[in-house]
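# Summary of the model geometry
This is what each chain is made of:
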Amino acid sequence: MILDDFMMRATLAGIGVALATAPLGCFVVWRRMAYFGDATAHAAILGIALSLALSISVFAGALVIALLMALTVSLLTGRGYAMDTLLGVLAHSALAFGLVAVSFLSGIRIDLMAYLFGDILAVSRVDLAVIWGGAALVVLLIGWRWSALLTATLNDDLAYASGIDPKREQLILTLALAITVAVAIKVVGVLLIAAMLIIPAAAARPFSRTPEGMALVAAGIGSASALIGLRAAYIFDTPAGPSIVCVAALIFAASSILGSIRASLQ
Amino acid sequence: MSLVSIENLSISYGAKTVLSKVTLTIEPGEIVTIVGPNGSGKTSLLRSIIGAVKPSRGRVTQRADLRIGYVPQRLHIDRTLPMTVARFLRLPTRVAPEVIDDALAQAGVPDLAAAQMSQLSGGQFQRVLLARALIGKPHLLLLDEATQGLDQPGSAAFYQQIEKVRRNTGCTVLMISHELHVVMSASDRVICLNGHVCCEGTPEVVASAPEYRALFGSGTMGALALYRHDHDHSHDHDHGHDHDHDHQHEHTEAAE
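Numbering of residues begins from 1 in every chain and follows the order in which that chain's sequence is written. A letter from A marks each chain and a number from 1 marks each ligand, given out in the order of writing. Reporting in this predicted model follows two pLDDT cut-offs: at least 70 for local features of residues, and 80 or more for side-chain atom pairs to be given and counted; totals over whole chains, interfaces and linings ignore these cut-offs and use all residues. Think of the side-chain values as coming from all heavy atoms in the structure, minus any hydrogens and water.

Looking at an unreviewed UniProt entry, one finds chain B named Zinc ABC transporter ATP-binding protein ZnuC, with Pararhodobacter oceanensis as its source organism.

Structure below.
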């Protein structure tokens, strides 16, 4: 059975995450929510600590706390503090509380590094099912709301005039973000999730003429990064999650250079 | 039956009341312009009609099955978002290519379907916004300072396009503008707003109303006369003072 091979499972896990982060990452880039993604991911470490303490699934714990974090930020925005200040306070507090909470968990040896940077080579069959299930959910959710999300991304009033409630669309993105964070923790870890959201989408921009095209190209770039990054990690004995992000970053650099060459030729 | 009737509408953001006790109706086929200084609640009034802001008092009633086309004040499309004109016109509802071509032709920019939104000039961009508003064959076209950022010939051409659209489609137009001299002559009715309805009526009536003059000064009457005069294509240059005023107005706007 091919799933017996840990490299095969890791590759499939990487591609699963890339497929979810591609369309979501496009919205994160278009709506300038990069820091929002970061904050949600940082909060997940608190969720992990709580789920280990309560012996529930790490996925469920991370999902719930990430969702609470994202909702809190959405609710508090525009009430006195600027969005980035609010995110800075909440994200780093959640991370700090999470790290402190983990230290209280006596008796359990937790490899914190595995959650901060991911441990894609240790992905089990159950993990794989959770990752692909979560990714499918995110893709379906965004696909279902695609036009409404795009309209709300362009302009709130344009959305209202078309009978779309931009606040509801924001909530849907928030939910998709929380699911993505929860499934991606195992693969790239808390600290690098935002990279998987933003880098493939940004790298896809110079090659896209439509929003749909950009999401598809981003999915391709994300998957290629996972494939090449894992292969490179195997050959050079480097950490897997960061290697994937490094490959994505190199593709971004190449794409930016190609994009500006093409722009100057026109 | 009125397309929209607004009864005793008040809108507050927190403790700040931007509109109080506004009552007005929009009748089929007319072109209505809302004028008023900055912060007078013009945009809030329009946003209450599209349902983007909830009235704190009173109510906004639309005729059943009223279709609204909305041209926002300013639309910023992030450079990271690739978007062709055709794709933009298919948001949020898919429509046939003929419908898109038709809407672009109506708005006076027939050949732009394949262009990227980010590469349009200001005037083209506003016309594409107009085309998008026309896609659903609206009964009521709402324009919120649709010519902001256009030069004077550009905005005059834009409002002529609006008149053309009204002639061709018979739709009702409700617009906000502070380019009084350009817009007022194209309107059947002008509503002067400053937190409440100061005065309303035909352009001539409003321009000579004391409430209006208190807000905008008496010079705008001359500007209106100038426009009428230009519009009639008589070439008598006896209006030096009005020209001066007109230039002043432009400068004030550029400084804003």
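### Section: the overall build of chain B
A helix here means a DSSP run of H or I that spans at least four residues, while a strand means a run of E at least two residues long, and both kinds are numbered starting from the N terminus. Looking only at helices and strands, one finds ten helices and nine strands in chain B. Counting the 256 residues in chain B, one finds 52% classified as buried. What makes two residues a contact is simply this: any of their non-hydrogen atoms within 4.5 Å. Look at the contacts in chain B between residues 6 or more apart in sequence, and 67% of them connect residues 24 or more apart. Total accessible area on chain B stands at roughly 11600 Å², and carbon and sulfur atoms take up 51% of it. Burial classes: relative accessible area under 20% of the type maximum marks a residue as buried, over 50% as exposed, and values in between as partly exposed (1.4 Å probe, protein chains only). Accessible surface area values rest on a Shrake-Rupley calculation with a 1.4 Å probe, where residue burial reflects the displayed protein chains alone.

### Digging into the confidence of the model for chain B
The pLDDT value tells you how sure the predictor is about a given residue, anywhere from 0 up to 100. Considering every residue of chain B, the mean pLDDT works out to 81; 82% of them sit at 70 or more. When pLDDT is averaged over each helix and strand of chain B, the minimum, 40, is found for helix α10 (residues 240–255) of chain B and the maximum, 93, for helix α2 (residues 85–89) of chain B.

### Some words on the sheet that holds strand β1 (residues 4–13) of chain B
Residues and elements named next belong to chain B. Read from one edge of the open sheet, three strands run β2-β1-β4, paired in antiparallel fashion. Each end of this open sheet is capped by a strand with a single partner; those strands are β2 (16–26) and β4 (57–62). The average angle at which neighbouring strand axes cross in this sheet is 25°, direction not considered. Strand pairing requires that DSSP identify at least two bridges connecting the strands. Inspection of the sheet shows β1 paired to β2 by seven bridges, in the antiparallel sense. For helices, the axis comes from a line fit to the C-alpha atoms of the stretch in contact; other axes are also lines fit to C-alpha atoms, and the angle between any two N-to-C directions lies between 0 and 180 degrees.

### Looking at the packing of helix α2 (residues 34–53) of chain A against helix α4 (residues 83–104) of chain A
Residue and element names in this part refer to chain A. Between α2 and α4, the shortest axis-to-axis distance is 7 Å and the interhelical angle comes to 20°. Judged by the inter-axis angle, α2 sits roughly parallel to α4. The handedness of the crossing between α2 and α4 comes out as left-handed. Here the contact of α2 with α4 is composed, by residue class, of 16 nonpolar, four polar and one charged. By definition in this entry, angles of less than 35 degrees are roughly parallel, angles greater than 145 are roughly antiparallel, angles of 65 to 115 are roughly perpendicular, and the rest are oblique. Left-handed is the label given to a crossing in which the near helix is rotated counterclockwise from the far helix by less than a right angle, and right-handed is the label when the rotation is clockwise. The classification used treats Ala, Val, Leu, Ile, Met, Phe, Trp, Tyr, Cys and Pro as nonpolar, Asp, Glu, Lys and Arg as charged, and all other residues, Gly among them, as polar.

### Digging into the nonpolar core
Note that soluble globular proteins tend to have their nonpolar side chains buried in a common cluster. All names here are of chain B. Here the nonpolar core consists of buried residues drawn from Ala, Val, Leu, Ile, Met, Phe, Trp, Tyr and Cys, with membership extended through side-chain atoms lying within 4.5 Å. Phe88 and Val128 are the most contacted members of the largest nonpolar core, which has 148 residues in total. Contact partners of Val128, with chain neighbours within four places excluded, come to Val85, Phe88, Leu89, Leu104, Val109, Leu112, Met117 and Leu120. Val35, Cys192, Val206 and Ala207 belong to the second largest nonpolar core, which has nine residues in total.

### Describing the interface of chain A and chain B
Taken together, the contact between chain A and chain B spans 22 residues of the former and 24 residues of the latter. Summed over both partners, the interface of chain A with chain B comes to about 2200 Å²; 57% of that surface belongs to carbon and sulfur atoms. Whenever a carboxyl oxygen of Asp or Glu lies within 4 Å of a side-chain nitrogen of Lys or Arg, that contact is scored as a salt bridge. Where chain A touches chain B, the interface holds three salt bridges. Across the pair Arg32(A) and Asp78(B) runs a salt bridge, and its minimum N-O distance is 2.6 Å. When contributions to the side of chain A that touches chain B are tallied by element, the ones reaching two or more residues are α1 (6–30), α6 (125–154), α7 (156–161) and α10 (211–236) of chain A. Ranked by residues supplied to the side of chain A that touches chain B, first place goes to α6(A) with five residues. Across the side of chain A that touches chain B, the residue classes tally to eleven nonpolar, six polar and five charged. When two parts are put together, the accessible area they lose, computed with a 1.4 Å probe and summed over both, is reported as buried area.

### Regarding the pairing of strand β6 (residues 140–144) of chain B
Residues and elements named next belong to chain B. The buried fraction of β6 amounts to five of the five residues, a majority that puts the element mostly inside the structure. Bridge count between strand β5 (residues 68–71) and β6: four bridges; the pairing is parallel. Note on β6: the bridge partner recorded for Ile68 is Leu140. Pairing between β6 and strand β7 (residues 172–176): five bridges, direction parallel. Looking at the pairing, Asp144 lines up with Ile176 of β7. Once you follow β6 into helix α5 (residues 152–169) and on to β7, the crossover reads as right-handed. Orient the strands so they point away from the viewer; a crossover is then right-handed if the path from the first strand over the helix to the second runs clockwise.

### A word on the packing of aromatic side chains
All names here are of chain A. Here the aromatic set is Phe, Tyr and Trp, taking the six-membered ring for Trp, and pairing holds for ring centres within 6.5 Å; pairs whose planes are under 30 degrees apart are stacked, those over 60 apart are edge-to-face, and all others are tilted. Under the defined criterion, the tally for this structure stands at four aromatic pairs over all chains. Each ring, one from Phe27 and one from Trp30, has its centre 5.1 Å from the other, and the planes form 80°; the classification is edge-to-face. Of this pair, Phe27 and Trp30 both sit in helix α1, three residues apart, roughly one helical turn. The exposure class assigned to Phe27 is buried, which follows from its relative accessible area of 0%.

### Describing the state of the cysteines
By disulfide we mean two sulfur atoms from cysteines, separated by a distance within 2.5 Å. Throughout the structure, instances matching the rule amount to zero disulfides over all chains. Cysteine Cys199(B) shares no disulfide, and the gap to the nearest cysteine sulfur, in Cys192(B), comes to 4.3 Å.

### Brief notes about unusual backbone geometry
Between Leu91(B) and the following residue, Pro92(B), the backbone shows a cis peptide bond with an omega angle of -5°. Tracing the backbone through its elements, the reader meets Pro92(B) in the loop between α2 and α3 (97–106). Its identity is not glycine, yet Arg32(A) carries a phi of approximately 55°, on the positive side. Note on placement: Arg32(A) falls in the loop between α1 and α2. Classification of Arg32(A) as exposed rests on a relative accessible area of 65%. One non-glycine residue with positive phi stands out, namely Asn8(B), at about 55°.

### Remarks on α10(A)
Working rule for helices: expected span equals 1.5 Å times residues minus one. The terminal C-alpha atoms of α10(A) lie 36 Å apart, and with 26 residues this matches the ideal 38 Å at 1.5 Å per residue to within 8%. Immediately beyond the C-terminal end of α10(A), within one or two residues, lies Asp237(A), with a positive phi of roughly 55°.

### Thoughts on the environment of Leu175(A)
All names here are of chain A. Structurally, Leu175 is set in helix α8 (residues 166–188). On the basis of relative accessible area, Leu175 is assigned to the partly exposed category, the value being 33%. Residues Leu175 and Val138 lie 37 residues apart in sequence; the distance between their C-alpha atoms is 8.6 Å. Contact partners of Leu175, with chain neighbours within four places excluded, come to Leu67 and Leu141.

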